[in-house]
Amino acid sequence: MIEEKELRRRTVAEIAAVVQGQVFGDPATMICGIASIEEAQTGDITFAESPRFLETARRSLASAILAPQTAIINGDTKVMIGVENPRLAFAQLLDLFAPEHYAPRGIHPTAVLGSDLQYGSLVSIGAQSVIGENVRLGKNVTIHPLCYIGNNVEIGDDTILFPQVTLLHGTKIGSRTIIHSGTVIGADGFGYMMVGGQHLKVPQIGTVTIGDDVEMGANCTIDRAKTGTTRIGNGTKLDNMVHVAHNCQVGEHCLLVAQVALAGGVQVGDYSVFAGQSGAGEHVKIGARSVIAGRGGAIHDLPEGSFVSGFPARPHKEVLKAQAAMHRLPDMLKKVRDLEKRLVQLEKEKSSA
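Quick notes on the rules
Once a new chain begins, its residue numbering starts again from 1 and follows that chain's sequence as written. Owing to the predicted nature of the model, reporting of local features is limited to residues with pLDDT of at least 70; listing and counting of side-chain atom pairs is limited to 80 or more, with chain, interface and lining totals taken over all residues. Excluding hydrogens and water, the side-chain values take into account all heavy atoms of the structure. Here, axes are lines fitted to C-alpha atoms. For helices the fit covers the stretch in contact, and angles between N-to-C directions go from 0 to 180 degrees. Numbered from the N terminus, helices here are DSSP runs of H or I no shorter than four residues, and strands are runs of E no shorter than two. By the definition adopted for this analysis, an angle is roughly parallel if under 35 degrees, roughly antiparallel if over 145, roughly perpendicular if from 65 to 115, and oblique otherwise. Note: crossing handedness is left-handed where the near helix turns anticlockwise from the far helix by less than a right angle, and right-handed where it turns clockwise. Contact definition: two residues touch when any of their heavy atoms are within 4.5 Å. Each residue receives one of three labels: charged for Asp, Glu, Lys and Arg, nonpolar for Ala, Val, Leu, Ile, Met, Phe, Trp, Tyr, Cys and Pro, and polar for the others, Gly being one of them. Two strands are said to pair when DSSP picks up at least two bridges between them. When accessible area is computed with a 1.4 Å probe and restricted to protein chains, residues below 20% of their type maximum are described as buried, those above 50% as exposed, and intermediate ones as partly exposed. Here the arc refers to the directions that run from the helix axis out to each C-beta atom. Under the rule applied, a polar contact is a pair of N or O atoms within 3.5 Å (in protein, one hydrogen donor and one hydrogen acceptor; residues adjacent in sequence only if both atoms are side-chain atoms). For salt bridges, the criterion is a side-chain nitrogen of Lys or Arg within 4 Å of an Asp or Glu carboxyl oxygen. We define a nonpolar core as any set of buried Ala, Val, Leu, Ile, Met, Phe, Trp, Tyr and Cys residues linked to one another through side-chain atoms lying within 4.5 Å.

Novice: Pulling in residues and values, what's your account of the packing of helix 2 (residues 12-19) against helix 4 (residues 86-97)?
Specialist: Contact pair helix 2 / helix 4: the axes reach a minimum separation of 10 Å and the direction vectors enclose 120 degrees. Considering their axes alone, helix 2 and helix 4 lie oblique with respect to each other. In terms of crossing hand, the pair formed by helix 2 and helix 4 is right-handed. Two secondary-structure elements touch here, helix 2 through Ile15, Val18 and Val19 and helix 4 through Ala89, Gln92, Leu93, Leu96 and Phe97. When grouped by side-chain class, the residues that make up the contact of helix 2 with helix 4 number 7 nonpolar, 1 polar and no charged.

As structure tokens, this is what we get:
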């Protein structure tokens, strides 16, 4: 059997064409893997984003190096590919050398298919997946084994669902979207009313719409709207274990890092960032290009371009000043105690005079 790594072999010249770089050394050098400087072995390509790292890369076992064009010296013992941005070039190559995803085209005989299923060319539906009624799948959609697709779901072209993804009824997913294992889209929003001393469930009859080029990590949960639509815009990326509650409107190209939680009805402007374990309270509006730092909690509306941290979230510079003051408190308390002692001594001296 031919090893997977061998199947991904490329010459340095072929790699240079992908990253639009200039070759210094033998363009026929074969590369079969990609690795960091510390992990690189013979046959690997690595990258050095500055002259300082380039010196370390030269001493590595790597067979070729992506390096800043201006840092390369003619006559280097290592084969080099000169590029403007080595880190970006390295990222472009990761997909080139990535193992192939499981994606046999066609429908596995153990998949359960509902009536009126429509799908485009090159679709893949994995083993023991369940597809509901009136489902629409675009071209080149990949549904890995053990997924559940409810009734009236729509999925756009080139979208990938990894194992055990659940899309409940009426969910709409855009094109080129990636959804990782364990993610549930379209579960009921958390809605209850206190009636007669009991929590009465409020029906959640809305939908969820996910845009194009979205990626969701493992175990994300996106709740359906009470009425209307919970929406995530084009190009937005969700890390693992992100929760988006009912009726949220998340804009385009936002980043929601691990364990972010948005309460019901939150509106997030385009290009905003929620760092790890941060969140927003119910119906809060976050202006475009805002940043909520790690563990920050926004409980009031934020204008465009805000950078906040802490709970409740305040401008980050104010929080830093407050934290700096807190660190000075022990010294300040000591000075106050010393002043109190001096005051007592002065009063004694005054009374005895």
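Next comes the rest of the description.
Novice: Can you break down the sheet that holds strand 8 (residues 106-107) residue by residue, with the values?
Specialist: Ordered in space as 8-11-14-17-20-25-28-31-34-37-39-40, the 12 strands form an open sheet in which the pairing is mixed. Whereas interior strands pair on both sides, the edge strands pair on one side only; in this sheet they are strand 8 and strand 40 (314-315). Sheet analysis places strand 14 (residues 142-143) next to strand 17 (residues 160-161), joined by 2 bridges and oriented parallel. Opposite threonine 142, over in strand 17, you have isoleucine 160 as the bridge partner.

Novice: Can you tell me about the environment of phenylalanine 307, naming the residues and giving the values?
Specialist: By the element assignment, phenylalanine 307 lies in strand 39 (residues 307-309). Here the alpha-carbon distance between phenylalanine 307 and threonine 142, two residues 165 residues apart in the chain, equals 38 Å.

Novice: Could you give an account of helix 3 (residues 51-58), with specific residues and numbers?
Specialist: Within helix 3, the full set of buried residues consists of Leu54, Ala57 and Arg58. Along helix 3, the residues classed as buried sweep out an arc of 95 degrees about the axis, all on the same side. Of the surrounding elements, those touching the buried residues of helix 3 are strand 5 (44-47), strand 6 (64-68) and strand 7 (79-83).

Novice: Give me the lowdown on the side chain of serine 278, citing residues and values where you can.
Specialist: Along the chain, serine 278 turns up in the loop between strand 34 (273-274) and strand 35 (279-280). Separated by 2.6 Å, the side chain of serine 278 and the backbone oxygen of alanine 275 make a polar contact. Non-local contacts of serine 278, meaning those with residues more than four positions away in its chain, are made with Gln259, Val260, Ala261, Ile292, Ala293, Arg295 and Gly296.

Novice: Break down the pattern of salt bridges for me, with residues and values.
Specialist: This model, assessed by the stated rule, comprises 6 salt bridges. Of the charged contacts, one joins glutamate 55 and arginine 58 as a salt bridge, the two residues approaching to 2.5 Å between their closest N and O atoms. Here glutamate 55 and its partner arginine 58 are both found in helix 3, 3 residues apart, which amounts to about one turn of the helix. When its relative accessible area of 41% is taken as the criterion, glutamate 55 is described as partly exposed. In this structure, lysine 201 engages aspartate 188 in a salt bridge whose closest nitrogen and oxygen atoms are separated by 3.1 Å. Of this pair, lysine 201 sits in strand 23 (residues 198-201) while aspartate 188 sits in the loop between strand 21 (184-187) and strand 22 (192-195), placing them 13 residues apart in sequence.

Novice: I'd like a rundown of the sheet that holds strand 35, residues and numbers included.
Specialist: Taken together, 10 strands build an open sheet; the order of strands is 9-12-15-18-21-26-29-32-35-38 and the sheet is parallel. Looking along the sheet, the strands with just one partner apiece sit at the ends: strand 9 (112-113) and strand 38 (297-298). Across 2 bridges, strand 15 (residues 148-149) lies against strand 18 (residues 166-167) in parallel orientation. Paired with isoleucine 149 across the strands is leucine 167, a residue of strand 18.

Novice: Can you explain the pairing of strand 23? Please cite residues and give values.
Specialist: In this structure, strand 22 lies alongside strand 23, joined through 4 bridges in antiparallel fashion. Paired with methionine 194 across the bridge in strand 23 is histidine 199. In this structure, the hairpin formed by strand 22 and strand 23 is closed by a connection of 2 residues, where glycine 196 is found at a positive phi of approximately 60 degrees.

Novice: Which residues make up unusual backbone geometry, and what values do they have?
Specialist: Most peptide bonds adopt trans geometry, and most residues besides glycine take a negative phi value. A cis amide bond links phenylalanine 311 with the next residue in sequence, proline 312, at an omega value of -10 degrees. Positioned with a positive phi, asparagine 152 is a non-glycine residue whose angle comes to about 60 degrees. Among the structural elements, asparagine 152 can be located in the loop between strand 15 and strand 16 (154-155). The class of asparagine 152 is partly exposed, set by a relative accessible area of 38%.

Novice: Run through the nonpolar core, naming residues and quoting values.
Specialist: Nonpolar side chains in soluble globular proteins generally cluster together in the buried interior. One finds Leu167, Val244, Leu256 and Leu262 to be the most contacted residues of the largest nonpolar core, which totals 46 residues. Listed in part, the 16 residues of the second largest apolar core include Ala64, Leu66, Phe90 and Leu93.

Novice: Got a sec to walk through the environment of histidine 246? Specific residues and values, please.
Specialist: Note that histidine 246 resides in the loop between strand 29 (243-244) and strand 30 (249-250). Separated by 148 residues in the primary sequence, histidine 246 and alanine 98 place their C-alpha atoms 36 Å from one another. Once residues within four sequence positions are removed from consideration, histidine 246 is found in contact with Gly189, Phe190, Gln204, Asp223, Arg224, Ala225, Lys226, Thr230, Gly264 and Gly265.

Novice: Outline the pairing of strand 7, listing residues and values.
Specialist: Most of strand 7 is tucked away: 5 of the 5 residues are buried. Residues Val79, Ile81 and Val83 line one face of strand 7 and the alternating positions Met80 and Gly82 line the opposite face, and both faces are buried. Pairing analysis gives 3 bridges linking strand 2 (residues 22-24) to strand 7, with the strands arranged antiparallel. Bridge pairing in strand 7 links valine 23 to isoleucine 81. For strand 6 and strand 7, the ladder comprises 5 bridges, and the chain directions are parallel. Each bridged residue has a counterpart across the sheet, and for alanine 67 the counterpart in strand 7 is glycine 82.

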